[in-house]
Amino acid sequence: MERASDSITCETGQQHAEPARQSTLDRLTPPSDDGTNRLDIDEADGRPRFYGPTSQLHIQRHSVPIESPSDLPFGIDIDSSPLQIMLLNTYWKIQPHAQIIVDEGLFEHGRDFSVRSEYYSAFLQSAILACATRMSTSEAVRGLGVRYAERAKSYIAQELEDPNTATLQGFLLLSDFEATRGRDRLGYLYCGIGCRLVFDLGLPENCTDLIARGKLSPSEARWRHTLFLGAFVFDKLWSLYTGRPGSVPTSILEAAHNRSLVAGWTGPATLGPWVVLCADISEITDILNNSTTLDNDAKARLADLDSRVQRHHESLPPSLMLQRERVYDLPASAYSLHIQLHGIRIVLHRLLHKAACQHMTDPNGGPPDAQTSLLAHSRAIMYENAMDIAELVSVYQQIYGIEGILTIMLDNSYIAAAMLISHVLRGQQTKPSSDRELQRLRSLADMLLKAEKHYPVTVRMRFTLSKLVNNTALAGLFGYFAKQPANSDTANNVTTVLQNHLVDLDSDRANQELAGSQDMQVFADFNFEDSAESRMFQEMDLQNMMSWVLSPNALRTGTPRFASE
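Residues numbered from 1 in each chain as written. Predicted model: local features only at pLDDT ≥ 70, side-chain atom pairs only at ≥ 80, totals over all residues. Heavy atoms only, no water.

Draft legend 1. The arrangement of the overall build of the protein in detail. Along the backbone of the protein there are 23 helices and two strands. Counting only residues that meet the buried cut, the protein has 57% of its 565 residues in that class. Within the protein, contacts between residues at least 6 apart in sequence are counted, and of these 75% link residues at least 24 apart. Surface summary for the protein: the accessible area is close to 23000 Å², and the carbon and sulfur share equals 51%. (Helix = DSSP H or I, 4+ residues; strand = E, 2+ residues; numbered from the N terminus. Buried < 20%, exposed > 50% of the residue type's maximum accessible area, 1.4 Å probe, protein only. Contact = heavy atoms within 4.5 Å. Areas by Shrake-Rupley, 256 points an atom, 1.4 Å probe, with all protein chains shown as cover.)

Written out as structure tokens, the structure reads:
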């Protein structure tokens with residue numbers, strides 16, 4: 001590992017790196033990162049897997065359940081009527097905070113007869129119950145989620161033989177449940193099946209003739225369109241999460257939506273803005289996946305999309321607008337929308353920041369002044385949006401509790417935390433971090449820790465972030481995993497360097513950290529501390545830490561593969 005003085009990084013902008021010497025960012029990035037191809041071998045099964053540029057590092061760990069089946073409670077009857085009613089009521093209460101995939105009235109009407117119908121089935125009910133268990137304050141009830149999910153899966157063959165609307169809904173919900181268990185591959189495939197059913201069931205098509213013939217009611221036609229839009233949002237968020245192409249073309253969405261608007265369709269207040277945002281997300285992923293390199297044209301299109309996302313954010317309906325001095329007045333359904341609007345801008349500017357760094361280290365890159373300005377601009381945008389995400393997540397948690405945290409908030413919290421870590425550690429080289437920055441970062445760490453019992457995937461998020469801050473003043477903020485003992489000397493740095501903003505772990509938190517360590521036995525073979533990558537990481541230029549943690553190909557066992565190889 002060369003010393004910082006041995007080469008000029010993209011931050012200085014005064015001269016190009018020598019051809020034989022690459023910047024820290026380049027050396028932390030496999031050759032595939034020079035373009036958009038992220039094909040690699042899954043360390044779990046040895047098979048090729050693809051993750052695109054917008055995916056995050058924490059999902060790269062092999063897709064296996066984090067919890068052990070032996071830990072599941074078997075004393076509770078999952079067919080208990082009071083239990084199921086309680087879980088359904090929980091789901092109906094929280095669903096409006098996110099995407100409305102199931103119409104409560106249509107579902108309950110079918111459930112009254114306990115007979116499979118267009119909007120009710122045992123498959124869909126089991127998927128709903130699985131999702132609802134995550135929101136329970138009871139550990140025993142939360143443990144039932146896997147059993148409900150397994151029951152839902154037992155119906156899959158039957159459902160695919162005779163699919164209906166409830167089939168589509170069940171697959172979308174199962175995809176969400178599996179994602180929060182850290183099983184992104186399974187979740188992605190379930191969402192894909194659901195989105196294929198969008199076309200099999202003809203949701204984007206004109207229902208006028210069927211209504212005229214009495215085959216569909218006007219309310220059913222309106223609901224079909226609402227479900228189509230919800231499936232589109234699911235599809236594009238999965239596309240963003242994995243960096244892979246989506247299944248529902250935006251052109252089909254636009255034609256169907258314009259037709260429905262003319263026909264008088266109205267839906268949830270947040271659904272329209274979500275569709276607009278996801279159309280932008282679709283264009284972003286298309287640009288990245290269709291470009292062999294992030295050339296000037298692609299960068300210009302991404303910059304234009306960033307401006308478009310900002311305009312959309314600033315032109316939300318008045319009922320959904322965020323008043324800075326009145327954050328607590330934001331409707332419950334608007335939090336996830338605002339958080340994703342901030343999150344996509346971080347992802348965009350992370351890519352633009354990286355492209356500018358690569359441009360400045362290119363011997364043929366030209367004058368660096370413009371790139372230096374772009375770097376500063378992107379860092380400022382990422383920092384501001386990360387701070388906003390942290391505030392919104394904190395306020396939402398205060399009002400609705402950790403059990404009410406939505407899945408869309410988890411990955412965006414990870415992105416925001418990575419950005420703030422980079423900012424805080426980089427700031428130690430120039431000026432002390434502010435109280436506000438440290439408080440926001442700590443609130444994200446606290447949320448991810450508390451959310452672990454509801455969403456096991458946060459274990460992997462915290463694990464990845466803990467490696468980022470290992471052997472820094474922030475060590476221990478995201479917990480200690482694998483070979484890092486909770487009484488490590490680095491824990492002493494937390495309160496000393498950050499002046500009591502990162503308090504000593506109290507006994508309750510220490511117990512949670514130890515529990516997290518036990519949950520992380522799946523990573524026991526990782527040996528990060530002993531790896532060549534670990535030694536390289538300890539000498540990493542702080543300005544490039546954020547690029548490392550957000551890169552889908554940075555974390556590998558054994559000796560890392562550098563671009564120079």
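Draft legend 2. Layout of the environment of Cys-195. For Cys-195, the position within the fold is in helix α9 (residues 184-200). We classify Cys-195 as buried; its relative accessible area is 1%. It is 6.4 Å that separates the C-alpha atoms of Cys-195 and Ser-247, two residues lying 52 residues apart in sequence. Once residues lying within four places of it in the same chain are set aside, the contact partners of Cys-195 are Ala-231, Asp-235, Ser-247 and Val-248.

Draft legend 3. Layout of helix α8 (residues 165-180). With 16 residues, α8 extends 24 Å from end C-alpha to end C-alpha; this agrees with the ideal 22 Å at 1.5 Å per step. When you tally the buried positions in α8, you get 16 out of 16 residues, the bulk of the element. At the N-terminal end of α8, a side-chain oxygen is found 3.1 Å from the backbone nitrogen of Ala-166, two or three residues along, and the residue is Asn-164. (Expected span 1.5 Å × (residues − 1). Polar contact = N/O pair within 3.5 Å; in protein donor to acceptor, adjacent residues only side chain to side chain.)

Draft legend 4. Representation of the nonpolar core within the structure. Within the largest apolar cluster, 133 residues are counted, with the highest numbers of intra-cluster contacts made by Val-102, Ile-128, Leu-173, Ile-405, Ile-421, Leu-441 and Phe-478. In terms of residues, this core owes the most to one element, helix α17 (residues 407-427), which gives 13 residues. Filtering out sequence-adjacent residues up to four positions away, Leu-173 remains in contact with Tyr-91, Ile-101, Val-102, Leu-124, Ala-127, Ile-128 and Cys-131. (Core = buried A, V, L, I, M, F, W, Y, C linked by side-chain atoms within 4.5 Å.)

Draft legend 5. Molecular detail of the confidence of the model for the protein. On average, residues of the protein score 79 in pLDDT, and 72% of them reach the 70 mark or higher. Here helix α1 (residues 24-27) stands out as the least confident element of the protein, with mean pLDDT 30; helix α4 (residues 122-133) is the most confident, with 98. For the stretch residues 483-548, pLDDT sits under 50, and the model shows 132 contacts to residues farther than four places along the chain or on other chains. Every residue in residues 552-565 scores below 50 in pLDDT, and together they form 43 contacts with partners more than four places removed in sequence or on other chains. (pLDDT = per-residue confidence, 0-100.)

Draft legend 6. A look at the pattern of salt bridges. One pass over the structure, following the stated rule, counts 21 salt bridges. Taking the shortest distance from any N to any O, the salt bridge between Glu-178 and Arg-183 comes out at 2.8 Å. For the salt bridge of Arg-345 with Asp-306, the shortest nitrogen-to-oxygen distance reads 2.8 Å. Taken together, the residues span a long stretch of sequence, with Arg-345 in helix α15 (residues 335-360) and Asp-306 in helix α14 (residues 296-314) at a distance of 39 residues. Each of the two residues, Arg-345 as well as Asp-306, counts as buried. (Salt bridge = Lys/Arg side-chain N within 4 Å of Asp/Glu carboxyl O.)

Draft legend 7. How the structure looks around the environment of Asn-289. By the element assignment, Asn-289 lies in helix α13 (residues 271-289). Separated by 235 residues in the primary sequence, Asn-289 and Thr-54 have C-alpha atoms spaced 9.8 Å apart.

Draft legend 8. Local environment of the side chain of Ser-282. Note on placement: Ser-282 falls in helix α13. Look at Ser-282 and you get buried, because its relative accessible area is 5%. A polar side-chain atom of Ser-282 sits 3.2 Å from a polar atom in the side chain of Thr-250. Setting aside its immediate chain neighbours within four residues, Ser-282 contacts Lys-236 and Thr-250.

Draft legend 9. Structural detail: the packing of α13 against α15. In the contact formed by α13 and α15, the axes pass within 11 Å of each other and the chain directions differ by 20°. In terms of orientation, α13 lies roughly parallel with respect to α15. Note on packing geometry: the crossing formed by α13 with α15 is left-handed. For the pair α13 and α15, the contacting residues are Pro-273, Trp-274, Leu-277, Ile-281, Ile-284 and Leu-288 in the first and Ser-336, Leu-337, Gln-340, Leu-341, Ile-344, Leu-348 and Leu-351 in the second. (Axes fitted to C-alpha atoms, helices over the stretch in contact; angles between N-to-C directions. Parallel < 35°, antiparallel > 145°, perpendicular 65-115°, else oblique. Left-handed = near helix turned anticlockwise from the far one by under 90°.)

Draft legend 10. Local environment of the packing of aromatic side chains. Under the defined criterion, the tally for this structure stands at 10 aromatic pairs. An aromatic cluster of three or more residues is present, and its members are Tyr-91, Trp-92, Phe-107 and Tyr-120. Between the NZ or CZ atom of Arg-244 and the centre of the ring of Tyr-188, over which it lies, the distance is 4.6 Å. (Phe/Tyr/Trp six-rings, centres within 6.5 Å; stacked < 30°, edge-to-face > 60°. Lys NZ or Arg CZ within 6 Å of the ring centre and 35° of its normal.)

Draft legend 11. Representation of α13 within the structure. Over its 19 residues, α13 runs 26 Å from end to end, which matches the ideal 27 Å to within 8%, given 1.5 Å per residue. Counting buried residues along α13, 14 of its 19 residues qualify, which places the element largely inside the surrounding structure.

Draft legend 12. Summary view of unusual backbone geometry. Here the phi dihedral of Ser-114 falls at roughly 50°; this positive angle occurs in a residue that is not glycine. By relative accessible area, which is 55% here, Ser-114 ends up exposed. The backbone of Asn-471 shows a phi angle near 65°, a positive value even though the residue is not glycine. In this fold, Asn-471 is placed in the loop between α19 (457-469) and α20 (491-497). Take Asn-471: its relative accessible area is 45%, and that puts it in the partly exposed class.

Draft legend 13. Expanded view of the packing of α15 against α17. Interhelical geometry of α15 versus α17 gives an angle of 40° and a closest axis separation of 9 Å. Taken together, the axes of α15 and α17 are oblique relative to one another. Both α15 and α17 take part in a crossing whose hand is left-handed. For the pair α15 and α17, the contacting residues are Tyr-335, Ser-336, Ile-339, Gln-340, Gly-343, Ile-346 and Val-347 in the first and Ile-408, Met-409, Asn-412, Ile-415 and Ala-416 in the second. A per-class count over the contact of α15 with α17 returns eight nonpolar, four polar and no charged. (Nonpolar A, V, L, I, M, F, W, Y, C, P; charged D, E, K, R; others polar.)

Draft legend 14. Representation of the side chain of Glu-159 within the structure. Checked against the element boundaries, Glu-159 lands in helix α7 (residues 156-161). Given the relative accessible area of 2%, Glu-159 is considered buried. Apart from residues no more than four positions distant in its own chain, Glu-159 is found in contact with Arg-116, Ser-121, Phe-123, Asn-164 and Thr-167.

Draft legend 15. Structural context of the environment of Leu-474. With respect to the element layout, Leu-474 can be found in the loop between α19 and α20. A residue is classified by how much of its surface remains accessible, and Leu-474, at 0% relative accessible area, is buried. Separated by 36 residues in the primary sequence, Leu-474 and Leu-438 place their C-alpha atoms 9.9 Å from one another.

Draft legend 16. Structural context of the state of the cysteines. Applying the stated criterion to the full structure yields zero disulfides. Cys-191 carries a free sulfur, and the closest cysteine sulfur to it, the one in Cys-195, is 4.1 Å from it. (Disulfide = S-S within 2.5 Å.)

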